[in-house]
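# Descriptive structure summary
In case you want the letters, here they are:
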Amino acid sequence: MNFSNHKSLFIIIILLLPNLLLSACGSDSDHDDHEETPVGLVLIVDGEDIALQAESTVTYVNGNAINVPGAATINITVQFISEDGDRFSPHTDEGFSLQVEVGNENIIQVTHPINNNQWNLSVTGNNPGSTTITFDLLHAGHSDFTSQPFQVQVSE
């Protein structure tokens, strides 16, 4: 090989080196949200936790239900909890979505999603009473996680 060929090879290596280094950053040790396995979830209103499911136990910050004043609306953000306790919201561009099931739609109305955000919903009290909400994390046509039923109490 002559000097010109060595110089060309050197330039090619220099040009390819950054791409090789950047692709090496995608190692198995990286932490991607889509690799998280949910074991629970938390419901948040105005930045404050209102209810939590850890494993199979549901707890509420106030009382024994999510409280909705009659004819009022609360906006809820859903975050999932991984096995190591981290909170996360799966990436919708990777095929994740949230399905919400209401026990009695005469008691509450759920609007989902809000502002095209799959992890936000609003709950409006229709009539006084008690019902449940259940959450399903869907991925590629199947459920990756189904919550326990959360109790919702609508006051007069």
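Above this text sits the structure in question.
Nothing here was measured: the structure is a model prediction, and the numbers come from that model.

### As for the side chain of Thr 131
If you trace the backbone, Thr 131 turns up in strand 10 (residues 129–139). Within the structure, the side chain of Thr 131 is placed 2.7 Å from the backbone nitrogen of Asn 104, a separation counted as a polar contact. Every residue in contact with Thr 131, bar those within four places of it in the chain, is listed here: Val 102, Gly 103, Asn 104, Ile 107, Ile 108, Phe 150, Gln 151 and Val 152.

### Thoughts on a negative patch on the surface
Together, Glu 55, Glu 83, Asp 84 and Asp 86 line one region of the surface with negative charge. As for its placement among the helices and strands, Asp 86 is situated in the loop between strand 5 (73–82) and strand 6 (87–88). By relative accessible area, Asp 86 is classed as partly exposed at 37%.

### Let's talk about unusual backbone geometry
Along the chain, His 112 connects to Pro 113 via a cis peptide bond; the corresponding omega equals -10 degrees. For Pro 113, the position within the fold is in the loop between strand 8 (108–111) and strand 9 (120–125). Positive phi, close to 60 degrees, is recorded for Asn 116, a residue that is not glycine. Structurally, Asn 116 is set in the loop between strand 8 and strand 9. Judged by relative accessible area, which is 77%, Asn 116 ranks as exposed.

### Overview of the side chain of Asn 120
Its place among the elements puts Asn 120 in strand 9. Here the side chain of Asn 120 touches Thr 77 through a polar contact of 2.8 Å, side chain to side chain. Those residues in contact with Asn 120 that sit more than four places away from it in its chain are Ile 76, Thr 77, His 112, Pro 113 and Ile 114.

Reading the values: the criteria
- By convention here, each chain's residues receive numbers from 1 onward along its written sequence.
- This being a predicted model, a pLDDT of at least 70 is required before a residue's local features are given, and a value of 80 or more before pairs of side-chain atoms are given or counted; all residues contribute to the totals for chains, interfaces and linings.
- Hydrogen atoms and water are omitted, and side-chain values are computed over all heavy atoms in the structure.
- The helix and strand labels rest on DSSP assignments: H or I over at least four residues marks a helix, E over at least two residues marks a strand, and numbering proceeds from the N terminus.
- Think of a polar contact as two N or O atoms within 3.5 Å of one another; within protein, one of them needs to be a possible hydrogen donor and the other a possible acceptor, and neighboring residues in sequence only count if both atoms come from side chains.
- Note on definitions: a residue-residue contact is assigned when non-hydrogen atoms from the two residues lie within 4.5 Å.
- Each patch is built from residues that are more than 30% exposed by relative accessible area and take part in no salt bridge. Like charges join if they lie within 9 Å; nonpolar side chains (Val, Leu, Ile, Met, Phe, Trp, Tyr) join within 5 Å.
- All accessible areas in this document rest on Shrake-Rupley with a 1.4 Å probe, and a residue is counted as covered only by the protein chains that are shown.
- Think of a salt bridge as a Lys or Arg side-chain nitrogen and an Asp or Glu carboxyl oxygen that are within 4 Å of each other.
- Charge counting treats Lys and Arg as positive and Asp and Glu as negative, with His and both chain ends excluded.
- Every charge is mapped to an atom, namely NZ of Lys, CZ of Arg, CG of Asp or CD of Glu.
- Summary of the burial criterion: residues with accessible area below 20% of their type's maximum are buried, those above 50% are exposed, and those between are partly exposed, where the area comes from a 1.4 Å probe applied to protein chains only.

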